[in-house]
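# Per-entry structural report
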Amino acid sequence: PYVKMLTQLFGDRLYVANATGCSSIYSGNLPTTPYCVNEFGRGPAWANSLFEDNAEFGFGYRISLDKKKEMASEMLVKMAPKLGDDFVKSILEADQSTEAGIAAQRERVAALKEKLAADGSLMAKALSALSGDLINKTVWILGGDGWAFDIGFGGLDHVLASGEKVRALVLNTQVYSNTGGQASKATPAGAAARLMSGGKSGAEKDLGLMAMTYGHVYVAQVAMGANPNQLLKAMREAEAWDGAALIIAYAPCIAHGIDMRDVQEIEKKAVQCGYFPLYRYHPANGLMLDSKAPDGDFQAFLMRQGRFAALRRSDPAKSETLCKMAEEAARRRWNLLKMLKNREMT
């Protein structure tokens, strides 16, 4: 659902760099693919890279697209005497911050290609080949927590720190789903996982708070089942932000020991009890808390999932200790978010 919304919003100009994992199997299980084109024949450009270099791979998209746009713009200026100064200026200074602006730029580029078709010069041919790069493209780096929190974290951190206009969508299943359900740094305390049947004894990494410390990165935590409108706002704000952006999406997994028909409801309960708070941090506007103070039964939420209930059956005392640790970590996280919001308001 998260990927589908992304394509519905930006699919006609979307470049996806997809880390290996469940999301890459979903996206490229040849000979089929869920990606498609619209009525104009435009759709996402998708490619798959590895855990360890996917962020850099997507960063390469951004650098290459920007360079091609720069080259096209330089040739456009050189051909201004033939094409008309006002026409060239309208392309170079076009406002492409909205869908209407993108559509208008497509019309200008179509007109440009018609003009170039009548010009047999080498520069005209070269500019025609690059003319599509005068239309803004959006680059989204996609993957799970095994990539973003663990193996590819160094690269992701580098890309976010760069400030370049690249977006990362992390599908947070809190476990290495595609390789059998091993614990990741996103796995919470008390959860049993493959090779960790005794339950994780430490709290999970808070990737969102870490990214916020840069001050120039747009950061959001989202859960579609809890608040689809907040998810929509986050994706639009991330796209509009003139810099790097990170969206962490709660994505319950079959490795959690749940009925996958209940995913949307589980996401809602996770937010209600404070297990997964929703927020949006905009570098220009500060932190916005999009979920209310926790009021659900945190422990009941955990025990609904096999990953927590398994340890409760095999070692009740240890399970109770670790699950209380998880609840305490969630409480501290909420209090910290609330403090950060209040500080910005003052």
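A brief report on the enclosed structure follows. Source: prediction; values computed, not measured.

## Overview of the overall build of the protein
The number of helices and strands found in the protein is 15 helices and eight strands. With respect to the principal axes defined by its C-alpha atoms, the protein has extents near 80 × 55 × 35 Å. Expressed as a percentage of the 346 residues in the protein, the buried residues total 49%. Split by element, the accessible area of the protein, about 16000 Å² in all, is 56% carbon and sulfur. Within the protein, one finds 41 positive and 38 negative side-chain charges whose respective centroids are separated by 2 Å.

## Here we look at the layout of surface pockets
In this model, the largest pocket occupies a volume close to 630 Å³. Contributing to the lining of the largest pocket are 31 residues, with Cys-22, Ser-23, Leu-171, Thr-173 and Ala-251 lying nearest its centre. Those elements that provide at least two residues to the lining of the largest pocket are α1 (2-10), α2 (22-27), β3 (138-144), α8 (145-151) and α12 (263-272). Among the residues forming the lining of the largest pocket, the class breakdown is 17 nonpolar, eleven polar and three charged. Size it by volume and the second largest pocket reaches roughly 470 Å³. Along the walls of the second largest pocket sit 22 residues, with Arg-13, Gln-96, Ser-97, Lys-165 and Glu-239 positioned nearest its centre.

## Digging into the sheet that holds β3
Spatial ordering of the open sheet is given by β2-β1-β3-β4-β6-β5-β7-β8, a layout of eight strands whose pairing is mixed. Looking along the sheet, the strands with just one partner apiece sit at the ends: β2 (45-49) and β8 (286-289). When the angles between neighbouring strand axes are averaged without regard to direction, this sheet yields 15°. The sheet contact formed by strand β1 (residues 14-19) and β3 spans five bridges and is parallel. Along β3, the bridge assignment pairs Tyr-15 with Val-139. The strands touched by helix α3 (residues 54-78) within the sheet are β1, β2 and β3, with β3 carrying the most contacts at an inclination of about 175°.

## Description of the packing of α3 against helix α7 (residues 122-130)
At a closest axis distance of 9 Å, the pairing of α3 and α7 adopts a crossing angle of 140°. As far as their axial angle goes, α7 and α3 are oblique. The way α3 lies across α7 gives a crossing that is left-handed. When α3 is examined against α7, the residues Lys-68, Met-71, Ala-72, Met-75, Leu-76 and Lys-78 are found in contact with a partner set consisting of Met-123, Ala-126, Leu-127 and Leu-130.

## Let's talk about helix α11 (residues 228-240)
Taking 1.5 Å per residue as the helical rise, α11 with its 13 residues ought to reach 18 Å, and the 18 Å between its terminal C-alpha atoms agrees with that figure. For α11, the secondary structure elements touched by its buried residues are α1, β3, β4 (167-172), β5 (218-222), β6 (245-250) and β7 (279-282).

Conventions and cut-offs
- Residues numbered from 1 in each chain as written.
- Predicted model: local features only at pLDDT ≥ 70, side-chain atom pairs only at ≥ 80, totals over all residues.
- Heavy atoms only, no water.
- Helix = DSSP H or I, 4+ residues; strand = E, 2+ residues; numbered from the N terminus.
- Buried < 20%, exposed > 50% of the residue type's maximum accessible area, 1.4 Å probe, protein only.
- Areas by Shrake-Rupley, 256 points an atom, 1.4 Å probe, with all protein chains shown as cover.
- Lys, Arg positive; Asp, Glu negative; His and termini not counted.
- Charge placed at Lys NZ, Arg CZ, Asp CG, Glu CD.
- 1 Å grid on protein atoms, 1.4 Å probe; cavity = no way out; pocket = protein on both sides within 12 Å on 5 of 7 lines; lining within 4 Å.
- Points joined across faces, edges and corners; volume = space filled by probe spheres on them.
- Nonpolar A, V, L, I, M, F, W, Y, C, P; charged D, E, K, R; others polar.
- Pairing = 2+ DSSP bridges.
- Axes fitted to C-alpha atoms, helices over the stretch in contact; angles between N-to-C directions.
- Contact = heavy atoms within 4.5 Å.
- Parallel < 35°, antiparallel > 145°, perpendicular 65-115°, else oblique.
- Left-handed = near helix turned anticlockwise from the far one by under 90°.
- Expected span 1.5 Å × (residues − 1).

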